[in-house]
Amino acid sequence: MSPSAFSQVTIVVVTYNSAHCLPMLSPLLSVCPNVLISDNGSDDGTADKAQMLWSHVTVLAHGRNLGFGAANNRALAQVRTPFALLLNPDCEMTPQALLALLSSAEIFTDAALLAPQLMASEEKAEVNYRWPSAYWTSRGPAAEGPLCVGFVCGAVMLLRMERMALTGFFDERFFLYYEDDDLCLRLFQAKQPMVLCPEVKVLHRSRGSVRGRSPWRSEYLRGFHHAQSKLIFLNKHESLQAAQKLRRRLIWTTTLALPLRVILFSPKLLARMCGRWWGVLKWKAS
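None of the values given here were measured: they were computed from a predicted structure.

How each quantity is defined
Residues numbered from 1 in each chain as written. Predicted model: local features only at pLDDT ≥ 70, side-chain atom pairs only at ≥ 80, totals over all residues. Heavy atoms only, no water. Patch = residues over 30% accessible without salt bridge, like charges linked within 9 Å, V, L, I, M, F, W, Y side chains within 5 Å. Areas by Shrake-Rupley, 256 points an atom, 1.4 Å probe, with all protein chains shown as cover. Salt bridge = Lys/Arg side-chain N within 4 Å of Asp/Glu carboxyl O. Helix = DSSP H or I, 4+ residues; strand = E, 2+ residues; numbered from the N terminus. Polar contact = N/O pair within 3.5 Å; in protein donor to acceptor, adjacent residues only side chain to side chain. Contact = heavy atoms within 4.5 Å. Buried < 20%, exposed > 50% of the residue type's maximum accessible area, 1.4 Å probe, protein only. Pairing = 2+ DSSP bridges.

## A look at a nonpolar patch on the surface
Thought 1: A surface patch of nonpolar side chains, amounting to about 340 Å² of accessible area, comprises Trp131, Tyr135 and Trp136.
Thought 2: Tracing the chain through its elements places Trp136 in the loop between strand S7 (129-130) and strand S8 (147-149).

## Quick notes on the side chain of Asn128
Thought 1: Relative to the elements of secondary structure, Asn128 occurs in the loop between strand S6 (113-119) and S7.
Thought 2: At 3.1 Å, the side chain of Asn128 and the side chain of Gln117 are in polar contact.
Thought 3: When sequence neighbours within four positions are dropped, the list of residues in contact with Asn128 reads Pro116, Gln117, Leu118, Phe151, Val152, Cys153 and Leu196.

## Some thoughts on the pairing of S6
Thought 1: Among the seven residues that make up S6, seven are buried, leaving the element largely enclosed by the rest of the structure.
Thought 2: As defined by bridge partners, S6 adjoins strand S10 (residues 156-160) across two bridges and the pair is classed as antiparallel. For Leu113, the partnering residue across the bridge sits in S10 and is Leu159.

## With respect to unusual backbone geometry
Thought 1: You will see that Tyr177, though not glycine, has its phi angle at about 80°, which is positive.
Thought 2: Within the secondary structure, Tyr177 sits in the loop between helix H5 (161-164) and helix H6 (179-189).
Thought 3: With phi around 60°, Lys191 is a residue other than glycine that occupies positive phi space.
Thought 4: Within the fold, Lys191 resides in the loop between H6 and strand S11 (194-204).
Thought 5: On the basis of relative accessibility, which here comes to 72%, the residue Lys191 falls in the exposed class.

Structure (structure tokens):
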């Protein structure tokens, strides 16, 4: 596919204290004419650094943390190209990989979403795809060629905009975590194909996109939002009773496990568990 294909796609990158990740995005963002940086109130200069690195980039500086899905939605509302590529700042995607993904989109013309194979290292593949867990348990060997799936990780997604209009984008009740599960499940239920392209590989430095001044607070918020989003997802897609049952179980198991974390004293895990405990306690069905 010709490099002119880059004009058919808008790159959307949601950032939050991600200034340290920007240089590794440069090989791709420098050659793509349509780029939106959706910044969630970073205090490390991310928005200014992005504008300095790439003069053609549009930076949406929200001034506060809207959440992952909401920040993506603000950017997607401005996309005018046939495709949008959602790219986490901790993912290293080459221009050649994007061209390969766009070529696959030309082949699979009914696909609403296409995704690459995420790699934890050059040799180690991540499991970034599966069937919807509410329907089947995924099993078997890794994909050897393009195939339809029921879920792909939201770290890298190529969206066909006209197809996505049938389901909408992210549910903003999910501040962080499970927003990609929810989106993919809605696409699956709407019979909109999602295609994994395992020959297209993207290095994913998982959880490397945030480098805040308070790492313990970051872990606390991870635990908080993961617990909240899990309950929101269960309430939305299964039942209020199922969510309430899980909430009761998480309250007891987390309460019993907290003293052990204090004794063993792993600050990172302790902060995350405290966040989970408070997230579960504060959750209310909506």
